[in-house]
Amino acid sequence: MKNVFSLPILYFCFTTLALAYQHSSPGVEKPNFIFIYSDDQRYDALGANGNPVIITPELDLLARQGIQFTNANVVFALCSPSRAAFLTGRYGSSNGVLELGSDLKQGEKTIAQYLKEEGYLTGMSGKWHIGKKPSETGFDFSVFFTGNGDYYNRLIYDEGKAITPEIHCDQYCASRSVDFLKDAVASDKPFFLFHNTQLPHMNGALIWDAKEKTKAQYRLENMPVANSRLDDLVDKPEYLRTVRNLTQARSYGYPNADSIKSHTRDYYAVITEMDHFLSELFESIETLGLRDNTYIFFMSDNGWMLGEHGFTSKVLPYRPSTHVPFFVLGPELAPGVNQELVLNIDSRKIRMKLIIWRKMTSLSQ
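Throughout, a residue's number is its position along its own chain's written sequence, starting from 1. Residues qualify for local features only when their pLDDT is at least 70, as the model is predicted, and side-chain atom pairs are given and counted only at 80 or more; totals for whole chains, interfaces and linings, by contrast, use all residues. Side-chain numbers here rest on the full set of heavy atoms in the structure, without hydrogens or water.

**Student:** Help me understand the nonpolar core in this model?
**Tutor:** Side chains that are nonpolar tend, in soluble globular proteins, to be buried together. Nonpolar cores are built from buried Ala, Val, Leu, Ile, Met, Phe, Trp, Tyr and Cys residues. Side-chain atoms within 4.5 Å join them into one set. Exposure is judged per residue with a 1.4 Å probe applied to protein chains only, and the accessible area is read against the type maximum: over 50% gives exposed, under 20% gives buried, and values in between give partly exposed. Leu59, Leu181, Phe191, Trp208, Tyr267, Leu278 and Phe327 are the most contacted members of the largest nonpolar core, which totals 52 residues. The secondary structure listing takes helices from DSSP runs of H or I that are at least 4 residues long and strands from runs of E that are at least 2 residues long, numbered from the N terminus. Per-element accounting of this core gives the leading share, 12 residues, to helix 9 (residues 257-287). Within the second largest apolar cluster, 32 residues are counted, among which are Phe33, Ala72, Val97 and Tyr120.

Written as structure tokens, this is what we have:
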């Protein structure tokens, strides 16, 4: 069978495949969907994307079992707009989310609502960064923390109850995502899980607070340093000489190479911890026997600059800010690499292609 994801496919393939299964042969089950959104993870902050230094064994294993998209980007490299873009498949100028914490316009319909209408059990776990609550956007199950903050003792709303677990917020939410999967299996309904990590976003004190034993896995001398770190910006727009990306970078010691290496080590370390926390979720997918009928997507909401042109953070339309890891694996998808441009709003132009593909598949059976 041809690899349907050789097309520049993204988010609304969820609803497209769910709807298309209505046209398939009798007895064919609707597929499940798990979408994992990390936070501030740049494209090369993943071993499977060619980084020989970073330690991400769990994600690397999954990525190499699926289709790796090497040219995946976000249209607005900022937390709230990026999440709204995923949920709606629309630009912020259309869905209303153009800044941190802003809300979807009245009447905007999310992927969770589309799938819920098709009989799916819908759940989200982890970071939530738009105005409406998950329950107001189509999610049956929700365990979430809002915006950004401390990794430990984080205020989490677990099915409406406010708690502050002592363990890392990503570890807690991974465990609750596993609970959702178990409940979904017991319900015998198809499901959609939207799992969002805090990491590798900085904590409330604007540091990457990884454990010392995790940092010890990295050697500072092995950390990469951007060739453009000493850019004087004379050939760039004037505002870039005073933008927060530059002033904040200087507070971290940029463009000094040793400062960048130390900062990169801390960044890599929290990604290693994220990888470890996700392992519980990945293991449960196997033990619950979900792989044969579940599509698993992994992407980041935006990238992160580590000294490119002297900058830190994101938002600016430079590649390290917009270029993100993205891979997908699932039934009948052969492992491979796709170099076509993919955006986090690519959807409508491929929905009909997928519907036609599924109909043709069902007719040929």
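**Student:** Looking at this structure, I do not really get the packing of helix 2 (residues 57-65) against helix 9. What am I missing?
**Tutor:** To describe two helices that pack against each other, one gives the angle between their axes and the distance between the axes. Simply put, an axis is a line fit to the C-alpha atoms, just over the touching stretch for a helix, and the angle between two N-to-C directions goes from 0 to 180 degrees. Contact geometry for helix 2 and helix 9: axes closest at 7 Å, N-to-C directions at 55 degrees. In terms of axis orientation, helix 2 runs oblique to helix 9. Facing Pro57, Glu58, Leu59 and Leu62 of helix 2, the residues of helix 9 in contact are Met274, Asp275, Leu278, Ser279 and Phe282. Note on angle classes: values under 35 degrees are labelled roughly parallel, values over 145 roughly antiparallel, values of 65 to 115 roughly perpendicular, and the remainder oblique. Contacts are residue-level and defined by heavy atoms, with any inter-residue pair within 4.5 Å sufficient.

**Student:** Whenever I open this one, the pairing of strand 9 (residues 294-300) confuses me. Can you help?
**Tutor:** Remember that side chains alternate between the two faces of the sheet whenever the strand is regular. Among the seven residues of strand 9, seven are classified as buried, and the element is accordingly described as predominantly covered. On strand 9, burial covers both faces: Thr294, Ile296, Phe298 and Ser300 on one face and Tyr295, Phe297 and Met299 on the other are all buried. Only when DSSP finds a minimum of two bridges between them are two strands counted as paired. Summarising the sheet, strand 1 (residues 32-38) and strand 9 pair through seven bridges and their orientation is parallel. What sits directly across from Ile36, in strand 9, is Phe298. As paired elements, strand 9 and strand 12 (residues 326-329) share four bridges and run antiparallel to each other. Note that in strand 12 the partner of Ile296 across the bridge is Leu329.

**Student:** What is the right way to look at the side chain of Gln248 in this model?
**Tutor:** Residue placement: Gln248 occurs in helix 8 (residues 244-251). Judged by its relative accessible area of 17%, Gln248 falls in the buried class. Between N or O atoms, a polar contact is any pair within 3.5 Å; within protein, one atom must be a potential hydrogen donor and the other a potential acceptor, and residues adjacent in sequence are included only when both atoms are from side chains. Within the structure, Gln248 has its side chain in polar contact with the side chain of Tyr252 (distance 3.1 Å). Every residue in contact with Gln248, bar those within four places of it in the chain, is listed here: Leu206 and Thr312.

**Student:** Explain helix 3 (residues 79-88) to me, please; I cannot follow it from the model alone.
**Tutor:** Along an α-helix, residues three or four apart share an orientation, since each turn contains 3.6 residues. Extensive coverage of helix 3 is indicated by the burial of 10 of its 10 residues. Within the span of helix 3, buried status applies to Cys79, Ser80, Pro81, Ser82, Arg83, Ala84, Ala85, Phe86, Leu87 and Thr88.

**Student:** Looking at this structure, how should I read the environment of Asn95?
**Tutor:** As for its placement among the helices and strands, Asn95 is situated in helix 4 (residues 92-95). A sequence separation of 10 residues divides Asn95 from Lys105, and the C-alpha atoms of the two residues are 5.6 Å apart. Setting aside residues up to four positions removed in sequence, Asn95 forms contacts with Ala84, Ala85, Thr88, Arg90, Asp103, Leu104, Lys105 and Glu108.

**Student:** Can you walk me through the sheet that holds strand 5 (residues 141-146) in this structure?
**Tutor:** Strand pairs in the sheet, formed through backbone hydrogen bonds, run parallel or antiparallel to each other. Overall, mixed pairing links the 10 strands, which are arranged 7-6-5-4-8-1-9-12-2-13 in an open sheet. This sheet does not close on itself; its edge strands, each paired only once, are strand 7 (161-163) and strand 13 (336-338). Averaged over all neighbouring strand pairs, the angle between strand axes comes to 15 degrees, with direction disregarded. Sheet strands touched by helix 3: strand 1, strand 4 (121-128) and strand 8 (191-196). Its angle to strand 1, the strand with the most contacts, is close to 165 degrees. Here helix 6 (residues 169-187) sits on the sheet in contact with strand 1, strand 4, strand 5, strand 6 (156-158), strand 7 and strand 8, set at roughly 180 degrees to strand 8.

**Student:** Looking at this model, I keep getting lost on the pairing of strand 4. Mind explaining?
**Tutor:** Among the eight residues that make up strand 4, eight are buried, leaving the element largely enclosed by the rest of the structure. As paired elements, strand 4 and strand 8 share six bridges and run parallel to each other. When the bridges of strand 8 are listed, Thr122 appears paired with Phe192. Here strand 4 pairs with strand 5 via six bridges, running parallel. Paired with Lys127 across the two strands is Phe145, which belongs to strand 5.

**Student:** Would you mind going over helix 8 with me for this structure?
**Tutor:** Among all positions of helix 8, only Asn245, Leu246, Gln248 and Ala249 are buried. Considering only its buried residues, helix 8 is in contact with strand 10 (305-306) and strand 11 (312-313). Directly beyond the C-terminal end of helix 8, a positive phi value near 100 degrees is found at Gly253.

So, to be careful, I would describe these as geometric facts and stop short of saying anything about function.
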